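Secondary and tertiary structure notes
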Number of protein chains: 2
Amino acid sequence: MSIDQQLEYLRKGFAQVITEGELRARLEESHKTGRPLRVKAGFDPTAPDLHLGHTVLIRKMRHFQDLGHRAVFVIGDVTGLIGDPSGRNAARPPMTREQILKNAETYKEQVFTILDKDKTEVRLNSEWLLELGTLGMIQLSSHATVAQMLEREDFSSRYRQGKPIGLHEFLYPLTQAQDSVALRADIELGGTDQTFNLLLGRELQATHGQRRQIVATVPILEGLDGVQKMSKSLGNYIGVSEPAEVMYRKVMQISDSLMFRYYELLTDLSMAEILRLRHGVENGSMHPMEVKHDLAARIVADFHGQAGARSGRKTFRRVVQQKKVPETMAEFPMPAEMRGKRHIRIDKLLRAIGLARSGAEANRMLRANAVAVNGTKHRKMTYSVPSGVGELILKFGKKWARVRL
Amino acid sequence: MSIDQQLEYLRKGFAQVITEGELRARLEESHKTGRPLRVKAGFDPTAPDLHLGHTVLIRKMRHFQDLGHRAVFVIGDVTGLIGDPSGRNAARPPMTREQILKNAETYKEQVFTILDKDKTEVRLNSEWLLELGTLGMIQLSSHATVAQMLEREDFSSRYRQGKPIGLHEFLYPLTQAQDSVALRADIELGGTDQTFNLLLGRELQATHGQRRQIVATVPILEGLDGVQKMSKSLGNYIGVSEPAEVMYRKVMQISDSLMFRYYELLTDLSMAEILRLRHGVENGSMHPMEVKHDLAARIVADFHGQAGARSGRKTFRRVVQQKKVPETMAEFPMPAEMRGKRHIRIDKLLRAIGLARSGAEANRMLRANAVAVNGTKHRKMTYSVPSGVGELILKFGKKWARVRL
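Residues numbered from 1 in each chain as written. Chains lettered and ligands numbered in written order. Predicted model: local features only at pLDDT ≥ 70, side-chain atom pairs only at ≥ 80, totals over all residues. Heavy atoms only, no water.

1. Let's talk about the sheet that holds strand 10 (residues 376-377) of chain A
Sheet strands pair by backbone hydrogen bonding; their relative direction is either parallel or antiparallel. Residues and elements named next belong to chain A. With mixed pairing, 5 strands are arranged side by side in an open sheet as 7-13-12-9-10. Each edge of the open sheet carries a strand with a single partner, namely strand 7 (330-333) and strand 10. Pairing analysis gives 6 bridges linking strand 12 (residues 391-396) to strand 13 (residues 399-404), with the strands arranged antiparallel. The residue of strand 13 that forms the bridge with Glu391 is Arg404. (Pairing = 2+ DSSP bridges. Helix = DSSP H or I, 4+ residues; strand = E, 2+ residues; numbered from the N terminus.)

2. Description of the environment of Asn374(B)
All names here are of chain B. Relative to the helices and strands, Asn374 resides in the loop between strand 9 (371-373) and strand 10 (376-377). Residues Asn374 and Ala147, spaced 227 residues apart in sequence, show a C-alpha to C-alpha distance of 56 Å. A polar atom in the side chain of Asn374 sits 2.5 Å from the backbone nitrogen of Ile393. (Polar contact = N/O pair within 3.5 Å; in protein donor to acceptor, adjacent residues only side chain to side chain.)

3. Notes on the relation of the copies chain A and chain B
With an axial shift of 0.1 Å and an RMSD of 0.2 Å, the rotation relating chain A to chain B amounts to 179°. These values place the two chain copies in the arrangement generated by a two-fold rotation axis. Distance from the rotation axis, computed per C-alpha, reaches its smallest value in chain A at Gly133(A): 2.0 Å. When you check the interface residues of chain A against chain B, 100% turn up at the interface there too, and the contact is symmetric in its surfaces. (Least-squares fit on C-alpha atoms with pLDDT ≥ 70 in both. Contact = heavy atoms within 4.5 Å.)

4. Here's the deal with the sheet that holds strand 9 of chain B
Residues and elements named next belong to chain B. Pairing is mixed across the open sheet formed by 5 strands, whose spatial order is 7-13-12-9-10. The open sheet is flanked by strand 7 (330-333) and strand 10, the only strands paired with a single partner. For strand 9 and strand 10, the ladder comprises 2 bridges, and the chain directions are antiparallel. Pairing of Ala372 across the sheet is with Lys377, part of strand 10.

5. Description of the pairing of strand 6 (residues 214-218) of chain A
All names here are of chain A. Counting buried residues along strand 6, 5 of its 5 residues qualify, which places the element largely inside the surrounding structure. Burial along strand 6 is two-sided: Ile214, Ala216 and Val218 and Val215 and Thr217, pointing in opposite directions, are all buried. Summarising the sheet, strand 1 (residues 16-18) and strand 6 pair through 3 bridges and their orientation is antiparallel. Across the sheet, residue Ile18 finds its bridge partner in strand 6, namely Val215. Of the pairings in the sheet, the one linking strand 5 (residues 187-191) to strand 6 comprises 5 bridges and is parallel in character. If you follow Glu188 over to strand 6, its bridge partner there is Val215. Where the polypeptide runs from strand 5 across helix 10 (residues 195-207) and back to strand 6, its parallel neighbour, the crossover connection is right-handed. (Buried < 20%, exposed > 50% of the residue type's maximum accessible area, 1.4 Å probe, protein only. Right-handed = clockwise from strand over helix to strand, strands pointing away.)

Okay, here's the thing in structure tokens:
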């Protein structure tokens, strides 16, 4: 690929590159010298699983790998102890070191569904941050001013609104910047909500006599609702380790307009091909539902292969289309006292999530043959969860609900 | 002494006690249990010598020792690396660890001219602060909010004025607060400009399940000019290791009103005795100059004994009063190129400080017998500095100047 073609390939899905000129120059240099660029991205292992929101960035790292460069995947095991406040309006509760290391292990497994293992360095930032110690932290913090930190939009808005900002939250962008220094990153990727932090890394490198890293940001992926950021805690996510059937069904429930955004950010299809699909839907030559099936199949195949995509499609057609299951319904987590159990008292569950107004009503309906679980009528009080099932779709008379296991 | 008498004794020279009730209760408890109170004060070894401004606090520690308590003298060898921004409107340049340890040694020597060695613990805060490490610093910083820090007057005024505040400056009050936790201080003493930091220590102790320390502040001592804080960098100071003659002469140059403040903050005279002197001066029964000689003698005696006080008085009378040296005159540091030299080209010095307009004028005046050094006429180009001399008082025609060695 020529440098222009490389830039075109990399540009897809980026919100901003600071600066394009520097990126071009660094790509040219790498081409001349044969030195692969070090493309850094950091992840805080604050949740046990990655979801598709994370893969937007990981996919961009893979695109750099496709061009021969090196992905440096930083797991913020120290920064996770602070809790990244970026784009949030309250302090995150810090996690224990054990939780973090456990999550870090899962991340490592999950990330190689996308990244090329041979061109990836996985690093924990405790490696260099713990060495800093008391004096190093003081020194590090001298490289930023309070005013500079308060320029960051989320901080300034919290400050104006009188919401507390813990001092440790100011240390977060600095430790992240220190990662870039320690790793001599050529490029750092992050969400647009990370722009401030990424630019701080750029400046800190200059303070340490290094060349400034190029900063490239990706948009924040909307969750299944199409409005809020995809996030585990909001429940509007697709986890990379979810079963093929669940992934497939979740993709099928998004809106048609979100569908093209997912094509852009969650597949390797070129922008030209995506535009062709969009025009097809708009001029009626393609059915939006079929285009969405194609998207679902592509996304599932990334994590479960072609067989997973086929199985997801089959289940979806059978359960949703043949049984006339509504596309959206109320969702609930499994009530705590039943979670992880193999045998579930279905009458109690119906009552706990409010489908039945009382245990008596639940029993009456069970006896009346008016209850179905995952598409099959059910009459007994106890339901045994088959292995591999990730959710229970409950039908109670004419009411529906989805319970996540 | 009764508890009331003890409180009276301690109260002299305090600007504020938070709270008097707690101080009384803690004194009573100590009286009952026989456990001496731990009275902490911290000093940043940012200058090689202590001056009388520091001794205001050290004297109050001695007063606690007089009542059987334990002085905990903390040398901020770590905090010195940050540079205390309290009451200043700009960041202090951080010092090297070597400079700090060297200054700490001098402090240790100088502090025992006032404190009782047997009832004193001298501690370096590196003992416990270095152990904190990266994670400990993050944890520590989570105990304060940005808004809380910006409430501190000097920070808020710098912030409003757009003057940079380094993030490391926010860490300073926290590390100082951590000192109180590590030392389990009962009482912390500090200048009024330290009130915020001292109160933070009080809160941090509560966070760690300790009883809150009592906070007692002393006023900031005005320098010889009677206006600005006594400080080495402003040159308006009396150093505790200055020669008796220099100390004596410097006290004699302060104003009559400042004299009574110095009596209060720099001597052990009771408030009743100080009032008696003040009335004596006001009603004309005492000569202010004699009262000032008494003050000078007391201050010098603290550091050089009675012999030093006598020698200071003798020199002062001989040089100043008999030779009609003006009480104030322009002061200069020794120009860098002559500093530390034993033989000085007096013509060059006269020109460097501007007493002579040219080398030719300096030479003409030397030949004309119109130049005197430290009260003695001088005709030669070269002046050999006698050992032990701390300053050169130059007379050039009718003009005077003082050059500090």
